[in-house]
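So the chains spell out like this:
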Amino acid sequence: MIRRPPRSTLFPYTTLFRSPGKTMETSFAERPTLVWFGPFLGLDVQSMVEFVSLFGLSLSFISLVIVKLRDTLCFAVLWILYMSLYQIGQTFLWFQWDILLLEAGFLTIVVAPFNLMKWRPIAQYHHDRIKMWMVRWLLFRFMFASGVVKLTSICPTWWQLTALNYHFESQCIPTPLAWYAHHLPEWLHKLGVVGTLVIEIPVPFLFFSPIRSLKMFSFYCQILLQLLIVLSGNFCFFNLLTVVLCVSLLDEKHFAVPSKKAKHGALKEGESRIVCFVSRILEFFVYSLLIYYTVSLFSLKLMPDFTIESRIAFTNMDLHRVLGKTLQASIYVGAISLIGVVLVTLYNVFKERNGIFQKLRATVATLFFTAIAFWIFCISTVPHSTLDPEFNSHVWPTVQRWHNNFDKYHLVNSYGLFRKMTGVGGRPEVVIEGSDSVKGVWKEYHFLYKPGNLSRMPPFVAPHQPRLDWQMWFAALSSYQQNSWFVSLVNRLLTGQKEVLDLLAENPFPNKPPTYIRANLYIYRYTSNKSKNPSNWWTRKKSGEYLPAITKDDKSLVEFLKTHGLSDVVQVKTGPIFVNAQLLNVLSTVRSWAQQVTAPVFLWSLFAVSSMANWLSGGSGRGHVN
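Residues numbered from 1 in each chain as written. Predicted model: local features only at pLDDT ≥ 70, side-chain atom pairs only at ≥ 80, totals over all residues. Heavy atoms only, no water.

### Details of the pairing of strand E5 (residues 516-526)
Next up, step 1: Relative to E5, strand E3 (residues 427-435) runs antiparallel, the two being bridged by 9 bridges. When the bridges of E5 are listed, Gly-434 appears paired with Ile-517.
Next up, step 2: Two elements, E5 and strand E6 (residues 538-550), share 9 bridges in a ladder whose sense is antiparallel. Each residue of the ladder has a partner; that of Ile-517, found in E6, is Ile-550. (Pairing = 2+ DSSP bridges. Helix = DSSP H or I, 4+ residues; strand = E, 2+ residues; numbered from the N terminus.)

### As for the layout of surface pockets
Next up, step 1: Its boundaries defined by the atoms lining it, the second largest pocket holds a volume of some 1,000 Å³.
Next up, step 2: As for the second largest pocket, its lining consists of 32 residues, and the residues nearest its centre are Ile-201, Pro-202, Phe-205, Leu-290 and Tyr-293.
Next up, step 3: Within the residue set of the lining of the second largest pocket, elements represented by two or more residues are helix H5 (128-152), helix H9 (186-200), helix H13 (269-297) and helix H14 (316-351).
Next up, step 4: For the lining of the second largest pocket, the per-class residue count stands at 27 nonpolar, 3 polar and 2 charged. (1 Å grid on protein atoms, 1.4 Å probe; cavity = no way out; pocket = protein on both sides within 12 Å on 5 of 7 lines; lining within 4 Å. Points joined across faces, edges and corners; volume = space filled by probe spheres on them. Nonpolar A, V, L, I, M, F, W, Y, C, P; charged D, E, K, R; others polar.)

### Side note on the confidence of the model for the protein chain
Next up, step 1: For the protein chain, the mean per-residue pLDDT works out to 90, and 91% of the residues sit at or above 70.
Next up, step 2: In this model, residues 1-6 is a region of pLDDT below 50 whose contacts with residues beyond four sequence positions or in other chains number 13 contacts.
Next up, step 3: Within the model, the stretch residues 569-576 combines pLDDT values under 50 with 10 contacts to residues more than four positions away or in other chains. (pLDDT = per-residue confidence, 0-100. Contact = heavy atoms within 4.5 Å.)

### Looking at empty space enclosed by the protein
Next up, step 1: Using the criterion set out here, one finds 3 cavities of 30 Å³ or more in the structure.
Next up, step 2: By volume, the largest cavity is sized at about 50 Å³.
Next up, step 3: Considering the residues around the largest cavity, the lining is formed by Val-430, Val-431, Ile-432, Glu-444, Tyr-445, His-446, Phe-447, Lys-450, Pro-451, Gly-452 and Tyr-524.
Next up, step 4: If you tally residues by element for the lining of the largest cavity, the top one is E3, at 3 residues.

Below, the structure is given as C-alpha cells:
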C-alpha cells in the first residue's frame, strides 16, 4: 500500500475526519458525506472532494441536456452529492442559499417523475398538483421569513426605510449598476424598501389564492424583485433558484399542455359568468386592502415636487403583537390550501373515465404524496415558527422530535436574508499586503472579484459564487481571531501555495513568497456623481490595522494554526489509502482545463450548450396526462 499525505487547504477537511474508536457506520451517521468512502477509491480527502464535485457537475450538465434523465433517481444522486459537500464545506459552504438548495433539491426528488423506463414518454399525473404545492410552501416560507426578519432584527436601517441607502454600496460583490442605483434619490430608496417589505411579507399569502390572477400578481412581484437584485448584486445562484421555485405558481396556461377544462369542456355559461363576477369582486377587495394598508402602515404621501414621502407608522410592539397571529394564520392558510389541493386532486381522479384499476392506482399515488406533503408541512412548522419564539414554544413536541431527527439533512430550514444592513459607516474591506522587509515597500494582493483596486469596474459573476471573496467580506465585519481561515490564508501566502494563489487576481511576488504579510482595514465608498477622478469607482480611507506584520516562522502564527487544527504538521489517519493514479490524473487534467477560463464564463458556457441542445431536440420528452 502507498500512503499519500493530505494536501493543505485553507480549512483542511482532514480535521473533520478524526474519529478514533468509531466505526464507519457511526462516523457516517454523525456526518453523512460520501467523502468517507474516498479511501476505497484510492483518493485522499481533498481529491475525494474534487471527485464528488466533478461527478455532480457532470451529472447536472447531462441532466440539463437529456430531458429523460431528469427523474427521481438523478436528482437523488445530485442531492446526496451536494449534501456530502455541504457537510465538509464548513464556513465556506454555510450560506442560506446552500441550505435552500438542499431543501429545494430534496423536493426535486419528490417532484421529479419516477421514470425508470426511459424509452416511454414522461407522463403527467393528477397528484402533480400536490408535488407543486410542496414547492410553493417552501417559496412562501422563504420569502415570508426574509421579509419578517428585516423587522424583527430591530435594524435601524429597515425601520427607518434607509436600508437601500447602504445596500448597493455595502453588499458583498456589487455589479456596475449598483453604483448608479446607489446614487438614486433617497425617497426612491425608501420607496424601494417599502416595496421589498410588501413583496416579501403580505404578497406571498397570494401564492395560495384560488383566483389565478391574484396568484399571477404574486408571481410577477417575486420575479420583479429577483430581477432587480440580479441587476444590482452578485448573489450567486440564489436569485435563479428563487425564480425556479416561483414556477410552482404557474399553471397549464403558461405551458403547451392542454388543460383539464379544455379537455372536458368549459363550464356552463351561467356558472362561468358567476365565477368571473365573484373573482373580480374578490380581486378588487384584495388589491384595495393591499394598497390601503401599504399607504397606511408606511405613511405614503405624494409631495408637491412629485416625490413620495414614506415612514413606518407602526412600532416594534405592534409588530410582535401581530406576528404570532400572522404566523398562526400562515400555517392555517397552508394547511387549508393543502387540503384543498388534495380534494381537487381526488375529485379529478374519480372524475376521469378510466377503469377501476387505473383509478385505484391514481388514488394510492395521491394518498402517498399527500402523506409526504403533510409530513413535510408538519416538520416545516418548526423552523417556520422560529420567527416568533413565543409561538415556537407551542409547536407540538412530537413534531419537534420529527424535525430534530432529520435536522442534519436540512430537509426543512429557517431563513432570513439581509437580516441586518452592514456598511452604514462605509464599506469595510480587508487589504492584504506583502513585503520582503518590515520597513520596505508593501504590495497589495488583489482578489478576483471583491472591491480592491479603486479603478476596477465591479463585475457580473452570478451565478458563480467566489467563496473566498465572500468570506473576505465577512472577515472585514469582525476580527481575524474570529476567522481562523483568514490566518490560514496568510500562512498559505507566506509559503506561496499555488492552489491558494490561483484564487487571487494576481501574485505580486511571482519569484518567491514575501517575508512579511500584514492586513489593514479600509473603509470603501462609491465615488460621487461629481468625482474629480471619473475613472475610479471607489474611494477609500484607512481605518486601522487588521493583522500585524508576521512571518511564516512567527511563534504566534504557528501557535494559532496549531490551536485551530490548521497546521501542516497535523497528520490524520483516514484508513488504508492506495493511490488511484488514473483517477488522480483525470482530476488533474479537468482542473487544469477548467482553470483556462473564468468561473462565470465556464458556468454560462455550460448553460449555453445545454440550452442549445434542448432547443435542437425540440423539447422532446413531453408526455401525456395520466
